[in-house]
Amino acid sequence: MDVIASRTSDMGPLSLDIFKKNNLSASWKVIGAKTSVVDSDSYEPNREAADVRKETPKGKRHKFSDDRAQFIAKPADLARRQLREKRREKRASELVKQDDEAIVKFENAAIERSKSVDSAVLGKYSIWRKENENENSDSTVRLMRDQIIMAKVYLSIAKMKKKGDLYQQLEAHLKQSQRALGDANADADLHSSAPAKIKDMGQLLSKAREQLYDCKLVTKKLRAMLQSADEQVRSLKKQSTFLSQLAAKTLPNAIHCLSLRLTIDYNLLPPEKRKFPRSENLENPNLYHYALFSDNVLAASVVVNSTIMNAKDSSKHVFHLVTDKLNFGAMNMWFLLNPPGKATIHVENVDEFKWLNSSYCPVLRQLESAAMKEYYFKAGHPTTLSSGAANLKYRNPKYLSMLNHLRFYLPQVYPKLDKILFLDDDIVVQKDLTGLWSVNLQGKVNGAVETCGESFHRFDKYLNFTNPHISRNFDPNACGWAYGMNIFDLEEWKKRDITGIYHKWQNMNEDRVLWKLGTLPPGLITFYGLTHPLEKSWHVLGLGYNPSVDRTEIDNAAVIHYNGNMKPWLELAMTRYRSYWTKYIKYDHPYLHRCKLSE
């Protein structure tokens, strides 16, 4: 064909409006009335599409639900169409795969970036805080702060350009605005003079802008102020970390007072009144035995009271308490005055364990070395708060206390017992724990709740895997577990010489190259492959650092653990969790009242 004009109507087949008749193909024929074919000069674009139609010789006409006429193409056309569809599907799947890979890449990058964010900051600057629900909330406070910032900028520029009168006005209004703002963080806290100060400052800033505004100069001043503010934030953050670590390791005055008063009264007791009843139960393997090592009288009392109050039969429970020489009298006096039901209590002084000496215990031997003393007690300590935050946690001598490391000597302390439940002094018991003695440990030594739900609770968080001794013997992705509530099979312990394994690794870590100080890293190493996982409801952790522990998990837990710096007896404790601990303290007790201990 020389010329062909084609179109397709919405409801019908292809139409050919005009072509030269002498070139008509044999496979086409004209349909309809005696309609002559005109040349291109008489072409009408809006002509009806019934003049010329293509007939498909083998096409079959089908009727659809909408009564529209449709035609099926030839097999070759169908094959080509199917081939094109396959190519499209293949290309689409390739693009989807590329998108998925890109998404995974971005997610991994986001996860890595989130690891560098201080978890303490996340809670403070959350977009879900109430003050951000309404973008206009506390707008007056923010306006005053903005005015103060700009006033400082123009004050600096006025001094630079020797605008004495304007400088004095800005300085005076700046002091007035700062006084009116004070420490207010909300509009409701502002002084009644604030609106007037805002108006006056606004007028003065407009005047200063007319006389002093220079875009480059203002930008430079604002950038310098921002840099200075960043430096102050970093310095304050270091100080905050230092002080929070210091507060976490400091005993409150009220608890110290309690210990002193109890010690004085204990020393006044005659020897015959210093003994606890039911001492025959101390080595009875048919009873439920607990090990609690603490120098905190109040914390120990909560552990014992909460355990007994939730026990089905208190007479079958035996508590083995070990404390230091300083708190031995206080711990005895407290439980002599406040016996926990029919339970058996025994208090010992760790300093009287003559077998626990430097020739036997690596930690005590290391503590005698000059290098260790230098690291913990002398020149290694920084002289300023801001510079002391980095390693304060690990430099604390608390990690060398034998009350912490005594957990690795349980068979030596209690040679007649088969099983014992170890409890930390920062836990609260909420259910009867006797079921733990019937748990089948499947030949393992330690029964504990695993904590590897998150990546940062695996072995590579606690151990130095760049060291060949660590990398050869342990899996960096091995699951960590929690100290604080552990059921130990002491018979199996002796067979496997667990204390010997601990000694071996503690000796290798004399220079602190395998792990930082503490008892969890050597515990992970010592009980590697020897820990049986308990149901998570036995032991719920995080109440000393995590503000978002699920309340249902807490209420259903047998034991809740205030691991972290925010212990429930400290002022920095999280108030939302503190009631679980305080419910087991009688604040009307005379000793607590005298030492001004209150909720």
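Residues numbered from 1 in each chain as written. Predicted model: local features only at pLDDT ≥ 70, side-chain atom pairs only at ≥ 80, totals over all residues. Heavy atoms only, no water.

S.K.: Describe the environment of L170, and please don't skip the residues or the numbers.
M.R.: Inspection of the secondary structure assignment puts L170 in helix α4 (residues 164-181). It is 7.8 Å that separates the C-alpha atoms of L170 and Y154, two residues lying 16 residues apart in sequence. Ignoring any residue separated from it by four or fewer positions in sequence, one finds L170 in contact with Y154, L155, A158, L204 and L205. (Helix = DSSP H or I, 4+ residues; strand = E, 2+ residues; numbered from the N terminus. Contact = heavy atoms within 4.5 Å.)

S.K.: I'd like a rundown of the state of the cysteines, residues and numbers included.
M.R.: Counted under the stated rule, the structure contains two disulfides. Note that C257 is cross-linked by a disulfide to C595, the S-S spacing being 2.1 Å. Looking down the S-S bond of the C257 and C595 bridge, the torsion is -75°, so its handedness is left-handed. Here C257, found in helix α7 (residues 253-267), pairs with C595, found in the segment after α22 (590-594); they are 338 residues apart in sequence, far enough to count as distant. Shown here is the disulfide that connects C452 with C479, its sulfur atoms set 2.0 Å apart. Its S-S torsion of about -90° marks the bond between C452 and C479 as left-handed, since a negative value means left-handed. With C452 in the loop between β12 (446-448) and α15 (459-462) and C479 in the loop between α16 (468-473) and β13 (485-489), this residue pair connects regions lying 27 residues apart in the sequence. (Disulfide = S-S within 2.5 Å.)

S.K.: Help me get a handle on the sheet that holds β13, residues and values and all.
M.R.: The strands making up a sheet are joined through hydrogen bonds of the backbone, oriented either antiparallel or parallel. Spatially, the seven strands line up as an open sheet ordered β9-β8-β7-β10-β13-β12-β14, and their pairing is mixed. Since the sheet does not close on itself, it has two edges, and those belong to β9 (344-349) and β14 (531-533), each with one partner. Strand-to-strand twist of the sheet, defined as the mean angle between neighbouring strand axes without regard to direction, takes the value 25°. Where β12 and β13 come together, two bridges link them in antiparallel fashion. Within β13, the residue paired with G447 across the bridge is I487. Contacting β7 (288-293), β8 (317-323), β9 and β10 (419-423), helix α8 (residues 297-309) crosses the sheet at an angle of about 175° to β8. Strand contacts of helix α9 (residues 328-337): β8 and β9, with the helix running at about 170° to β9, the strand carrying the most contacts. (Pairing = 2+ DSSP bridges. Axes fitted to C-alpha atoms, helices over the stretch in contact; angles between N-to-C directions.)

S.K.: Can you lay out the packing of helix α3 (residues 139-160) against α4 for me, pointing to particular residues and giving the numbers?
M.R.: Viewed as axis vectors pointing N to C, α3 and α4 meet at an angle of 155°, and their least axial separation amounts to 9 Å. Between α3 and α4, the crossing angle belongs to the class labelled roughly antiparallel. Here the hand of the crossing between α3 and α4 comes out left-handed. Every residue of α4 that contacts α3 at V141, M144, R145, I148, A151, K152, Y154, L155, A158 and K159 is listed here: Y167, L170, E171, L174, S177, Q178, A180 and L181. Of the residues in the contact of α3 with α4, the class split is twelve nonpolar, two polar and four charged. (Parallel < 35°, antiparallel > 145°, perpendicular 65-115°, else oblique. Left-handed = near helix turned anticlockwise from the far one by under 90°. Nonpolar A, V, L, I, M, F, W, Y, C, P; charged D, E, K, R; others polar.)

S.K.: Now, about the sheet that holds strand β15 (residues 539-540): what can you tell me, with residues and values included?
M.R.: Pairing is mixed in the open sheet, where three strands are placed in the order β11-β16-β15. Across the chains shown, the open sheet's two edge strands, defined by having one partner strand only, are β11 (427-429) and β15. The pairing of β15 with strand β16 (residues 559-561) spans two bridges and is parallel. Among the inter-strand pairings, V540 is bridged to a residue of β16, identified as I560.

S.K.: For α9, give the residues involved together with the corresponding values.
M.R.: Counting buried positions over the ten residues of α9 gives seven, a clear majority of the element. Regarding α9, the residues found buried are G329, A330, M331, N332, M333, W334 and F335. Residues of α9 that are buried in the fold lie against α7, α8, β8, β9 and α22. (Buried < 20%, exposed > 50% of the residue type's maximum accessible area, 1.4 Å probe, protein only.)

S.K.: How would you sum up the nonpolar core? Please name residues and give values.
M.R.: In this structure, L258, L321, L421, L433, L436 and W581 are the most contacted members of the largest nonpolar core, which totals 63 residues. Examining the composition of this core, we find that eight residues originate from one element, α8, more than from any other. Excluding residues that lie within four positions of it along the chain, L321 makes contacts with L292, A300, V304, M331, F335, H346, V347 and E348. (Core = buried A, V, L, I, M, F, W, Y, C linked by side-chain atoms within 4.5 Å.)

S.K.: Please set out the pattern of salt bridges residue by residue, giving values where relevant.
M.R.: One pass over the structure, following the stated rule, counts eight salt bridges. The salt bridge partner of R91 is E94, with a shortest N-O separation of 3.5 Å. Of the two residues, R91 and E94 are both situated in helix α1 (residues 75-115); the distance of three residues between them amounts to about one turn of the helix. Given a relative accessible area of 35%, E94 falls into the partly exposed group. (Salt bridge = Lys/Arg side-chain N within 4 Å of Asp/Glu carboxyl O.)

S.K.: How would you sum up α8? Please name residues and give values.
M.R.: Given a rise of 1.5 Å per residue, 13 residues ought to cover 18 Å, and the 18 Å separating the end C-alpha atoms of α8 matches this to within 8%. Of all 13 residues in α8, twelve are buried, a share of seventy percent or more. Buried residues of α8: V297, L298, A299, A300, S301, V302, V303, V304, N305, S306, T307 and I308, and no others. The opening residue of α8, the one whose side-chain oxygen lies 3.2 Å from the backbone nitrogen of L298, is N296. (Expected span 1.5 Å × (residues − 1). Polar contact = N/O pair within 3.5 Å; in protein donor to acceptor, adjacent residues only side chain to side chain.)

S.K.: Summarise the pairing of β9; cite the residues concerned and give the values.
M.R.: In terms of burial, β9 is largely enclosed, as five of its six residues are buried. Sheet topology places β8 next to β9; six bridges connect them, and they run parallel. The residue of β9 that forms the bridge with V322 is E348. The parallel pair β8 and β9, bridged by α9, forms a crossover whose chirality is right-handed. (Right-handed = clockwise from strand over helix to strand, strands pointing away.)

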